[in-house]
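Working through the structure, step by step
Residue strings, one per chain:
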Amino acid sequence: MVSYCVSAGRLQQFLIPGVRRYHVSAALCQKRKVAVSHFEPNDYIQYETLQKKIDIVRKRLDRPLTLSEKIVYGHLEDPVKQDIERGRTYLRLRPDRVAMQDATAQMAMLQFISSGLPRVAVPSTIHCDHLIEAQLGGDKDLRRAKDINQEVYNFLATAGSKYGVGFWKPGSGIIHQIILENYAFPGVLLIGTDSHTPNGGGLGGICIGVGGADAVDVMANIPWELKCPKVIGVKLTGALSGWSSPKDVILKVAGILTVKGGTGAIVEYHGPGVESISCTGMATICNMGAEIGATTSVFPYNHRMKKYLSKTGRSEIAALADEFAKELVPDEGCEYDELIEIDLNQLKPHINGPFTPDLANPVSEVGTMAEEKGWPLDIRVGLIGSCTNSSYEDMGRSAAVAKQALAHGIKCKSQFTITPGSEQIRATIERDGYAQILRDVGGVVLANACGPCIGQWDRKDIKKGEKNTIVTSYNRNFTGRNDANPETHAFVTSPEIVTALSLAGTLKFDPERDFLVGANGEKFKLEPPDADELPKADFDPGQDTYQYPPSDGSTQRVEVSPTSQRLQLLQPFDKWDGKDLEDMQILVKVKGKCTTDHISAAGPWLKFRGHLDNISNNLLIGAINIENNKANSVKNALTQEYGAVPDTARYYKKHGISWVVIGDENYGEGSSREHAALEPRHLGGRAIITKSFARIHETNLKKQGVLPLTFADPADYDKVHPEDKITIAGLKDFAPGKPLKCIIKHQNGSTDTVLLNHTFNETQIEWFQAGSALNRMKQLQ
């Protein structure tokens, strides 16, 4: 959805170096041409093309379209011939842009380098937000991160310059907040190498989290394939009020749909209740849609989005969106595959957890439940911010709560941290006094980065193994996610509820009915917070942290030292030998929840995201072995000794033994990290057989030449013993929709043969046969 204009590009070259460059007036190019962002003045929004493709598909299908269908089908490579059936066919799409955070960008850029292509084909950006560890506070942590990660930042900056990718330096902020402030717009199709990319749906775009290999396809100008999503409608009525917040909408939806209820579907919000939610509030709801497995989530274009676009310096985009508004909302009479209705008038504040984001508890009930379940009532730390809740409005509502406490002479009983979503948010809340209020109540303002949300937290107040409770405004609360302590009971809620609970210091506090005690000994009740959704003055942009890619980066050197422990150039994976996969050893039979955090842990392992061999030392160390109910302890079939999962995998690889993993439900839920697919492939894994997969992880496995297969009968999972051997038969006739056979050879010599389903299409089968999607790309060049 972009085009090019030479005159504006030439004029841009004469702008003063070092000053933020805003796009040259569209009038210099052609009437009604509007740039996609301030940073890409030569790329234009193509609503006309979107509209034409929508009209073609609407006529072909002869029915009204949902909003998500309009945007997705409006980006089809060939809307005339594309086979379209929700939940069945694979669509070939042309996304508008790519966004990568620094942890995943390393592998994505290493794969792009391996492709041999000279420059990215679509607007693309790298955002440095994952490698900054929360330790002492914003400035100190940022300086430390720049020093520790200098090699990686230099690699990403120079790779961006060479291949035409914009580079947001450390301290810029969290990728999703920056996308919302600068790049998302109604009707955009954006893919990002982070599972919370759907945040952009709050601005009316279809923004989808993917692995790095998918991003490479788009950057290489290859059509991107996506299984045609089903559409779940969420009709909102009534209006948010009091302590209820946008976060409570998605916490409620997560409780209804569970962590896999949205798999293979786009969640589309609509109805009169939408009007009571701010643009950044809508982004919060879409962001955490990743926790229900949804492909993405989206809201229809409305006046709240227009207001946000204007406030962030994009009034021209808002004006253009107004002209095409009928294509940026669902058609009247459109139908959804499933419909959920939520009355916002009846919605109460929620707090979800612990250990899973879909365990929904009303705040009024969680204290009693904690007593019954043995969850620690005492709150050790309250943490607000993250990509989910770090907007100006979020910070303002938290500050409104904190201000009441200060007026009564009290501070937080729990430790309290604040993470601004971007440099722009940080600078603006400093200017407007919110940051100081939050400090005065006992808070510590951290760097503009992901920090504790992804495990980048040098936590000192407890020892590993100590049972404790934390409350956050984050999105995920898997075991060990925030601090690597499996005994930390993490709960997810809104920033204002985090603040209120941190003041009380206990889960057994409901701000709607309970009282706090002021410094004078008198009881008082917190009033529901009230704050502006956007600053009255313009946003303060803060420091300029963006690096433009040069128009020609061909002379730029990108160096990767062969002795580096952080970066490693990639070697092609071996291609399929044309035979069935016979007598594979079972590396581990996984029991229960196995997220990408379990498969490829974050936290201290983030420093190896650009070095495949080193990071493979965390393979499946968090998965529970059904044989002994232990993590990172499996029996080596050759030595009969128990050892770590990565060590055992390396032993098998050294001895030429292929292996397979047996998994449970929704295997690979959570983060989009493709390392969870690269690592098993690198260490000799050939297949993952489960009851079911999370969408992104299944695709990532396919991209790397690993077979993600599911038991046709989920009960067949119980037929497999960890010491059995597995043969996957029928690969010579591998075809879309045709099951494969799994021959289970038991220790006593008996066998069971069961059917395995798969979702491979013809292109994906070619990836497997070539050894990986990247290998296939090279073959086609």
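An account of the accompanying structure is given in this report.

A few points about the overall build of the chain
Within the chain, the secondary structure is distributed over 24 helices and 34 strands. Here the C-alpha atoms of the chain give a radius of gyration of 25 Å, agreeing with the 28 Å that 2.2 N^0.38 yields for 781 residues. Judged by the C-alpha coordinates and their principal axes, the chain covers about 75 × 65 × 55 Å. Here the chain, with 781 residues, has 63% of them falling under the buried criterion. Of the accessible surface of the chain, which amounts to about 27800 Å², a share of 49% is contributed by carbon and sulfur atoms. Across the chain, 89 positive and 93 negative side-chain charges occur, with their mean positions spaced 3 Å apart.

Re the nonpolar core
As a rule of thumb, soluble globular proteins bury nonpolar side chains together. Counting 168 residues, the largest nonpolar core has L236, Y269 and F299 as the members making the most contacts within it. When neighbours within four sequence positions are excluded, L236 is seen to be in contact with V249, Y269, H270, G271, P272, G273, V274, I277, F299, I342 and L344.

Looking at the side chain of S37
Within the secondary structure layout, S37 lies in strand β1 (residues 35–37). Assessed through its relative accessible area of 2%, S37 is described here as buried. At 2.8 Å, the side chain of S37 forms a polar contact with the side chain of E40.

Focus: the packing of helix α9 (residues 246–257) against helix α10 (residues 279–287)
Running from N to C, α9 and α10 point in directions that differ by 20°, and their axes come no closer than 8 Å. Judged by the angle between their axes, α9 and α10 are roughly parallel. For the crossing formed where α9 meets α10, the hand is right-handed. Along its contact with α9, which presents P246, K247, V249 and I250, the element α10 presents G281, T284 and I285. Its residues assigned to classes, the contact of α9 with α10 comprises four nonpolar, two polar and one charged.

Side note on the packing of helix α11 (residues 303–311) against helix α12 (residues 315–323)
Taken N-terminus to C-terminus, the directions of α11 and α12 make an angle of 150°; their axes are 7 Å apart at the nearest point. In terms of orientation, α11 lies roughly antiparallel with respect to α12. On the side of α11, the interface is formed by K306, L309 and S310, while α12 contributes S315, I317, A318 and D322. Classifying every residue of the contact of α11 with α12 gives three nonpolar, two polar and two charged.

Re the sheet that holds strand β29 (residues 659–662)
Hydrogen bonding along the main chain pairs the strands of a sheet, whether they run parallel or antiparallel. Read once around its circumference, the closed barrel built from seven strands follows the order β24-β29-β30-β31-β34-β33-β32, with strand pairing classed as mixed. Along the sheet, successive strands turn relative to each other by an average axial angle of 40°, direction set aside. In this structure, strand β33 (residues 740–745) lies alongside strand β34 (residues 751–757), joined through six bridges in antiparallel fashion. Looking at the pairing, I744 lines up with D752 of β34. Across the sheet, helix α20 (residues 645–654) lies against β24 (581–589) and β29, angled at about 165° from β24, the strand it touches most.

Examining the packing of aromatic side chains
A complete count under the given rule lists 19 aromatic pairs for this structure. Aromatic pair F39 and Y548: ring centres 6.0 Å apart, planes at 55°, arrangement tilted. Placement of F39 in the loop between β1 and β2 (40–44) and of Y548 in the loop between β23 (546–547) and β24 is noted, with a sequence separation of 509 residues between them. The exposure class assigned to F39 is buried, which follows from its relative accessible area of 9%. These aromatic residues form a ring-pair network of at least three members: F39, W168, Y183, Y546 and Y548. Over the ring of Y44 we find K33; its NZ or CZ atom is 5.3 Å from the centre of that ring. Between K589 and the ring centre of Y717, over which it is positioned, the NZ or CZ distance is 4.2 Å.

Here we look at the state of the cysteines
If you walk through the whole model with that rule in mind, you get zero disulfides. Note on C286: no disulfide assigned, nearest cysteine sulfur contributed by C207 at a separation of 8.6 Å. Relative accessible area serves as the criterion here: at 0%, C286 is assigned to the buried category. Note on C412: no disulfide assigned, nearest cysteine sulfur contributed by C453 at a separation of 19 Å.

Some points on the sheet that holds strand β11 (residues 265–270)
Reading across from one edge, β12-β11-β10-β13 is the order of the four strands in this open sheet, with parallel pairing throughout. Both edges of this open sheet fall to β12 (296–298) and β13 (338–343), since each of them pairs with a single strand only. The sheet shows a mean angle of 20° between the axes of neighbouring strands, taken without regard to direction. By the bridge criterion, three bridges tie β11 to β12 in an arrangement that is parallel. Looking at β12, one finds that I266 is bridged to T296.

Notes on helix α24 (residues 773–780)
Every buried residue of α24 is accounted for by A773, L774, N775 and M777. As for α24, its buried residues are in contact with α4 (102–115), α8 (212–219), α22 (695–703) and α23 (762–770).

Brief notes about the pattern of salt bridges
According to the stated counting rule, one finds 49 salt bridges in the structure shown. Measuring nitrogen to oxygen at the nearest pair gives 2.4 Å for the salt bridge that ties E430 to R439. Of the residues examined, E430 reaches a relative accessible area of 32% and is grouped as partly exposed. With a closest N to O distance of 3.4 Å, K691 and D664 form a salt bridge. Placement of the pair is K691 in the loop between β30 (685–690) and α22 and D664 in the loop between β29 and α21 (675–682), with a sequence separation of 27 residues. We classify K691 as partly exposed; its relative accessible area is 22%. Residue classification places D664 among the buried positions, given a relative accessible area of 14%.

Calculation notes
Residues numbered from 1 in each chain as written. Predicted model: local features only at pLDDT ≥ 70, side-chain atom pairs only at ≥ 80, totals over all residues. Heavy atoms only, no water. Helix = DSSP H or I, 4+ residues; strand = E, 2+ residues; numbered from the N terminus. Rg over C-alpha atoms; globule rule 2.2 N^0.38 Å. Buried < 20%, exposed > 50% of the residue type's maximum accessible area, 1.4 Å probe, protein only. Areas by Shrake-Rupley, 256 points an atom, 1.4 Å probe, with all protein chains shown as cover. Lys, Arg positive; Asp, Glu negative; His and termini not counted. Charge placed at Lys NZ, Arg CZ, Asp CG, Glu CD. Core = buried A, V, L, I, M, F, W, Y, C linked by side-chain atoms within 4.5 Å. Contact = heavy atoms within 4.5 Å. Polar contact = N/O pair within 3.5 Å; in protein donor to acceptor, adjacent residues only side chain to side chain. Axes fitted to C-alpha atoms, helices over the stretch in contact; angles between N-to-C directions. Parallel < 35°, antiparallel > 145°, perpendicular 65-115°, else oblique. Left-handed = near helix turned anticlockwise from the far one by under 90°. Nonpolar A, V, L, I, M, F, W, Y, C, P; charged D, E, K, R; others polar. Pairing = 2+ DSSP bridges. Phe/Tyr/Trp six-rings, centres within 6.5 Å; stacked < 30°, edge-to-face > 60°. Lys NZ or Arg CZ within 6 Å of the ring centre and 35° of its normal. Disulfide = S-S within 2.5 Å. Salt bridge = Lys/Arg side-chain N within 4 Å of Asp/Glu carboxyl O.

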